[in-house]
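Next come the chains, spelled out residue by residue.
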Amino acid sequence: MTQVSITLNGRTVAADVPARTSLADFIRDHQALTGTHLGCEHGVCGACTILIDGKPSRSCITLAAAADGSEVRTIEGFDDDPLMGVLRRWMNEKHGVQCGFCTPGMMIMARDIVARLPDADRSRIRLELTGNLCRCTGYVGIVDAIEAALKERRTAR
Ligand code: FES
Ligand code: FES
């Protein structure tokens, strides 16, 4: 067993877990935060995307022990986040959600794009989303939503 302690959505949490426990399992099974979804479990689909020390990361291929001491933010940590609020509104408006399975990881990646690349165009948005797979929407609504959020932010500058 390994003692893991992380800051999770602003709160310090700790648990003794088997050394091979993934960060995704630590979050879902040990902390009961099931907004982080598991699809492929080998780093391909992006459903498990969370922020580790501010950077989008695959929680399925990150060992919980490797994240010891890190700041982790999951989709549940964005409830009151103004930028996530803007994205939620546009995802709804532009029909960027169908079954919702990819959505938590997609939203975290979308927020990162809007925050990091204020001048991103559609092709850059698509490039940035290549690590997040969606089996329902065909991506058009998701790209539209991110583009609309970027435009709204630019207008407000
Ligand atoms: S579940 Fe982690 S990348 Fe697919
Ligand atoms: S909305 Fe179903 S996988 Fe993206």
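Residues numbered from 1 in each chain as written. Chains lettered and ligands numbered in written order. Predicted model: local features only at pLDDT ≥ 70, side-chain atom pairs only at ≥ 80, totals over all residues.

J.: Whenever I open this one, the overall build of the chain confuses me. Can you help?
T.: Secondary structure summary: the chain contains five helices and five strands in total. Listing every helix and strand of the chain by position from the N terminus yields β-β-α-β-β-β-α-α-α-α. Scaling as 2.2 N^0.38, a compact globule of 157 residues should have a C-alpha radius of gyration of about 15 Å, and the chain matches this with 16 Å. Here the C-alpha coordinates of the chain stretch approximately 50 × 30 × 20 Å along the principal axes. Across the chain, every contact between residues at least 6 apart in sequence was considered, and the portion connecting residues at least 24 apart equals 59%. (Helix = DSSP H or I, 4+ residues; strand = E, 2+ residues; numbered from the N terminus. Rg over C-alpha atoms; globule rule 2.2 N^0.38 Å. Contact = placed C-beta atoms within 7 Å.)

J.: What exactly am I supposed to notice about the domain arrangement of the chain here?
T.: Many analyses report the size of an interface as the accessible area lost when the parts associate. In terms of domains, the chain is made up of domain 1 (2–77) and domain 2 (80–156). Here the side of domain 1 that touches domain 2 takes three residues from strand 3 (residues 49–52), the largest share from any one element. Considering only residue class, the side of domain 1 that touches domain 2 consists of seven nonpolar, six polar and no charged. (Domains from an automatic or database assignment. Nonpolar A, V, L, I, M, F, W, Y, C, P; charged D, E, K, R; others polar.)

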